[in-house]
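# Structural features, examined
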Amino acid sequence: MAVTTQERAVAAKAGPDRPATLIWLGLGLIVIGQFMAVLYAPEEVTMGNAQRIFYVHVPSAWVGYLAFAVVFGASIGYLFTRRRSFDLAAYASTEIGVVFTTLAIISGSVWGRYAWGTWWTWDPRLTTTFMLWLIYVVSLMVRAYGGVGSQAARFAAVLGVIGFLDIPLIHLSVVWWRSLHPLPVVVRPEGFGSGLHPAMLQALLVNVAAFTVLYVALFSVRRRQMAAADALAELKNEDHRRAGTQWTVGTQEVS
Amino acid sequence: MGALSAVRLLVWKDLTLELRTKEILTAMAVFALLSAVIFNFAFSPSPAQAVTLLPGMLWVTLAFAATLGLSRSFVLERDQQCLEALRLFPTDRSLIYLGKAAANLLFLLLVEALILPAMAVISGIALLPHLLPLALVMLLGSIGLVAVGTIFSAMSVNTRIREVLLPVLLFPIASPVLISGVKATAGILAGRPLLEVLPGVRILAVFDVMFVVLGYVIFEFLLEE
Amino acid sequence: MQAIEARGLEKAFGPVQALRRVTLDVPAGESLVVFGPNGAGKTTLIKILATLMRPSGGWVRLFGRDPQRDDDLRRLIGVVSHHSYLYAGLTALENLLFAARMYGLPDAGARAAELIHAVGLGLRRHDLVRTFSRGMLQRLTIARALVHNPPLLLLDEPYTGLDRHAAALFTDLLEQLRGDRTIVLTTHSIEQGLVLADRIVILVDGAVAYESRDGLEDQHAVGQLYTEFVRTGAWVH
């Protein structure tokens, strides 16, 4: 397939293509991690094989929180410097964070079906994670409908700061709320953090590492894509300029 | 000019505009009354049930009435880009946030003063003995709702989907206010010792302080293109 | 003294470049007219000079001061934008009073009353702005922008929506109020812009395409050049 000069220009502006290695590394680690989860780690005594979903659940939740912490940092960076690169980092990380938080909620719900006999319970941790998920889904809405120019980026950055600082308060209030109505006596998630079998811990750690690498890989791919989209839009504008046509800035009228 | 007189002027401006038409206050009050009535249709609670249902009804009503008021707050600034004009004044630009938030709080408190007795009458619960702690919890909750709501109102007014965006932004972020508000109100109405309600009050207070400060700091970052 | 010094101003909205390395000097007391078609970056330039927008690159000094970290500097700036900055639900006098007080003027009441008579709206001072005609609005907008007597006046396309007669009246009003103010005015219309100009700049695609050097040597030629540009859409250097 022939590559045009414009395509080369876009690729050059988007930056070098490094993420491929990271993706393969991440996928390889996940395969190893999941093998360990199924074959290496022993079966949990009370919950049986259903517990093995935690080798997906815990790393997903970890990546979700990691991604939102990155959004928080990048948002502050963007608000102070107005550098596009911070904005792209926040945007990419929001998307990935939402995907992994969704995965964490679904896997937690499936596990809850076996452990607690119900798909959903208002456990403080689940509730906080769910509220978190909502906040960042709204952030994607702000990105989509937030308006012209830099406005959507600014708004999403403000939400990225507010949302992250809100998490501890949401958790505190949910804990207090549940304490008035104690949970039915079931196996709590805290139950298996203590006395974790060494092989379980190893499998978990490998999976956490694998998911983290995958996050970094996806993050670089997405950022590169966004930078390429920017470069493309820039080229189109330049093209219009050279052709002597008049173009629009945001919502302003074309003369 | 001092910060206080700037905020006072901003509130005076919003209050004068509002009292001339009474659009926002009327809409908020009528809406709050309607939702109180609808709740009673939906649940038709016995007096005993009413005590457990009232906290939820009260806070849902307040949250929606607040959203209604907040959604109008920046509309009057938008038509002639008056927010730009406010930013051109030589005062600290963060004071615009405090002025808008103070006016919004004032409107919400006025509506609450109306809706609380109405709810007491409709549900047949004597609220008077609990008035002081109840007023405290509602005041703290209102400050919290308005503190974040003013930020989100300024954001949503400039988007295509503003009526939809404001509640969608506000409710997840304000969930600590709603959760603590409902539970604290329930505790108060059930006649629990105030010590049991204290954690909720503390969460409300922390939320208020945190988001008033954050709003003050972040507002200019939000507006500056 | 330079009222405005701008060096290498850049402004990007995402991938769209609205200003490219704009450098300007406006000595105090002179008036600069910025010509350019829609989308040339005129409004962006005014907003940056008005301290409403932060440039992505370059810097601005107004009267030698840095607008980014000097709230009090805004006391020296008056802005007339596409919008009136007036509240339709307040009376004419209330609008001026509010602005005068927000600028912290010691004699806000007297100043508001004086101005409202100066622009010929004395009889309508207690009427809601909502009831005003286009011409009355324009006059009140100017009064409001001048309420704090700013030495620097920024006008963004003030002729938009005015017919020939109203535009002529507006030019007269500006001449009267000008005094020794520094003025920056943007417009896409040569005939209206040249009346007030001490110096001119033509902005095309966010970059300065023409800048008059010492006074206006040949207004007519520049007018021709600009008219040709607007007609063909291509700038001939």
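Structural data are supplied above this passage.
Attention here is on the structure that accompanies the text. Because the structure is a prediction, the values reported are computed rather than measured.

## Considerations on the interface of chain B and chain C
Counting residues at the interface gives 28 residues for chain B, matched by 32 residues for chain C. Summed over both sides, the interface between chain B and chain C buries roughly 2,900 Å², with carbon and sulfur atoms accounting for 60% of that surface. Looking only at chain B, the three residues that lose the most surface to chain C are Leu88, Phe89 and Pro90 of chain B, adding up to 25% of its buried area. If you look at where chain B meets chain C, you find 4 salt bridges. Arginine 20 of chain B is paired through a salt bridge with glutamate 94 of chain C; the nearest N and O atoms lie 2.7 Å apart. Counting across the interface, chain B meets chain C through 17 residue pairs in polar contact (both at pLDDT 80 or more). At the level of elements, helix H1 (3-21), helix H4 (75-78) and helix H5 (82-88) of chain B are the ones that each hand at least two residues to the side of chain B that touches chain C. In terms of residue count, H1 of chain B provides more of the side of chain B that touches chain C than any other element does, 8 residues in total. When the residues that make up the side of chain B that touches chain C are grouped by side-chain class, the tally is 14 nonpolar, 4 polar and 10 charged.

## A short note on a nonpolar patch on the surface
All names here are of chain B. A contiguous nonpolar surface patch, about 560 Å² in accessible area, is contributed by Val30, Leu34, Val37, Ile38, Phe41 and Ile122. By residue number, the principal contributor to the nonpolar patch is helix H2 (residues 23-43), which donates 5 residues. In this fold, valine 37 is placed in helix H2. Taking the relative accessible area as the measure of exposure, valine 37 reaches 33% and is therefore partly exposed.

## A look at the interface of chain B and chain A
Between chain B and chain A, the residue contacts involve 37 residues of the former and 32 residues of the latter. Where chain B abuts chain A, roughly 3,000 Å² becomes buried across the two surfaces, and 79% of that area is made up of carbon and sulfur atoms. Contact with chain A buries area across many residues of chain B, yet Ile179, Lys183 and Phe221 of chain B alone supply 20% of it, more than any other trio. Linking chain B with chain A are 0 salt bridges. On the surface where chain B and chain A come into contact, there are 6 residue pairs in polar contact (both at pLDDT 80 or more). Elements with a minimum of two residues in the side of chain B that touches chain A: helix H7 (131-156), helix H8 (162-173), helix H9 (175-189) and helix H10 (194-223) of chain B. Per-element accounting of the side of chain B that touches chain A gives the leading share, 14 residues, to H10 of chain B. Residue composition of the side of chain B that touches chain A, by class: 26 nonpolar, 5 polar and 6 charged.

## What to know about the nonpolar core
With 180 residues, the main nonpolar core has Phe152 and Phe211 of chain B together with Leu45, Leu140 and Leu154 of chain C as its most contacted residues. Among the elements that take part in this core, helix H6 (residues 151-180) of chain A stands out by supplying 13 residues, more than any other. When sequence neighbours within four positions are dropped, the list of residues in contact with leucine 154 of chain C reads Ile46, Leu49, Ala50, Ile77, Gly78, Val79, Val80 and Val184 of chain C. Within the second largest apolar cluster, 27 residues are counted, among which are Phe35, Ile190, Leu194 and Val204 of chain C.

## A few points about unusual backbone geometry
Of note, arginine 82 of chain A is a non-glycine position whose phi angle comes to about 60 degrees, a positive value. At glutamate 157 of chain C, a position not held by glycine, the phi torsion is positive, near 45 degrees. The residue glutamate 157 of chain C is located in the loop between strand S6 (152-156) and helix H5 (164-178) in this model.

## Quick look at the side chain of threonine 44 of chain C
In this fold, threonine 44 of chain C is placed in helix H1 (residues 42-49). Once you skip the residues sitting within four places of it in the chain, threonine 44 of chain C turns out to touch Lys11, Phe13, Ala18, Leu19 and Met53 of chain C.

## Here's the deal with the environment of leucine 134 of chain A
Residues and elements named next belong to chain A. Take leucine 134: it is sitting in helix H5 (residues 124-145). For leucine 134, a relative accessible area of 27% translates into the label partly exposed. Along the sequence, leucine 134 and valine 98 sit 36 residues apart, while their C-alpha atoms lie 8.9 Å from each other.

## Here we look at the packing of aromatic side chains
Think of a pair of aromatic rings as described by two things: how far the centres are apart, and how the planes are tilted against each other in angle. One pass over the full model with this rule turns up 20 aromatic pairs over all chains. With a centroid separation of 5.0 Å and an interplanar angle of 65 degrees, the aromatic rings of phenylalanine 80 of chain A and phenylalanine 221 of chain B are classed as edge-to-face. Of this pair, phenylalanine 80 of chain A sits in helix H3 (residues 54-81) while phenylalanine 221 of chain B sits in helix H10, on two different chains. Above the ring of tyrosine 78 of chain A, the side-chain terminus of arginine 82 of chain A is found at 5.9 Å from the ring centroid. Over the ring of phenylalanine 74 of chain B we find lysine 100 of chain B, and its NZ or CZ is 5.2 Å from the ring centre.

## Details of the pattern of salt bridges
Counted under the stated rule, the structure contains 29 salt bridges over all chains. The partner of glutamate 77 of chain B in a salt bridge is lysine 100 of chain B, and the shortest N-O contact between them spans 2.9 Å. Taken together, the residues span a long stretch of sequence, with glutamate 77 of chain B in helix H4 and lysine 100 of chain B in helix H6 (residues 94-123) at a distance of 23 residues. The pair glutamate 77 of chain B / lysine 100 of chain B is uniform in exposure class, with both members buried. Connected through salt bridges with shared partners, the residues Arg84, Asp87, Arg143 and Asp230 of chain A form a single ionic network.

## Considerations on the pairing of S6 of chain C
If a strand is regular, its side chains alternate between the two faces of the sheet. Burial of S6 of chain C is extensive: 5 of the 5 residues sit out of reach of the surface. Of the two faces of S6 of chain C, the one carrying Leu152, Leu154 and Asp156 of chain C and the one carrying Leu153 and Leu155 of chain C are both buried.

## Points about the sheet that holds strand S8 (residues 199-204) of chain C
All names here are of chain C. As summarised here, the arrangement of the 6 strands in space is S5-S6-S7-S3-S8-S9, forming an open sheet in which the pairing is mixed. The open sheet has two edge strands with one neighbour each: strand S5 (77-80) and strand S9 (207-211). In this sheet, adjacent strand axes meet at a mean angle of 20 degrees when their direction is disregarded. The sheet contact formed by S5 and S6 spans 4 bridges and is parallel. Counterpart to valine 80 in the pairing with S6 is leucine 155. Against the sheet, H1 contacts strand S3 (31-35), S5, S6, strand S7 (182-187) and S8, and its axis sits at roughly 155 degrees relative to S6. Its contacts with the sheet put helix H4 (residues 134-145) on S5 and S6, and the angle it makes with S5 is roughly 165 degrees.

The rules behind each value
- Residues numbered from 1 in each chain as written.
- Chains lettered and ligands numbered in written order.
- Predicted model: local features only at pLDDT ≥ 70, side-chain atom pairs only at ≥ 80, totals over all residues.
- Heavy atoms only, no water.
- Contact = heavy atoms within 4.5 Å.
- Buried area = accessible area lost by both parts, 1.4 Å probe.
- Salt bridge = Lys/Arg side-chain N within 4 Å of Asp/Glu carboxyl O.
- Polar contact = N/O pair within 3.5 Å; in protein donor to acceptor, adjacent residues only side chain to side chain.
- Helix = DSSP H or I, 4+ residues; strand = E, 2+ residues; numbered from the N terminus.
- Nonpolar A, V, L, I, M, F, W, Y, C, P; charged D, E, K, R; others polar.
- Patch = residues over 30% accessible without salt bridge, like charges linked within 9 Å, V, L, I, M, F, W, Y side chains within 5 Å.
- Areas by Shrake-Rupley, 256 points an atom, 1.4 Å probe, with all protein chains shown as cover.
- Buried < 20%, exposed > 50% of the residue type's maximum accessible area, 1.4 Å probe, protein only.
- Core = buried A, V, L, I, M, F, W, Y, C linked by side-chain atoms within 4.5 Å.
- Phe/Tyr/Trp six-rings, centres within 6.5 Å; stacked < 30°, edge-to-face > 60°.
- Lys NZ or Arg CZ within 6 Å of the ring centre and 35° of its normal.
- Pairing = 2+ DSSP bridges.
- Axes fitted to C-alpha atoms, helices over the stretch in contact; angles between N-to-C directions.

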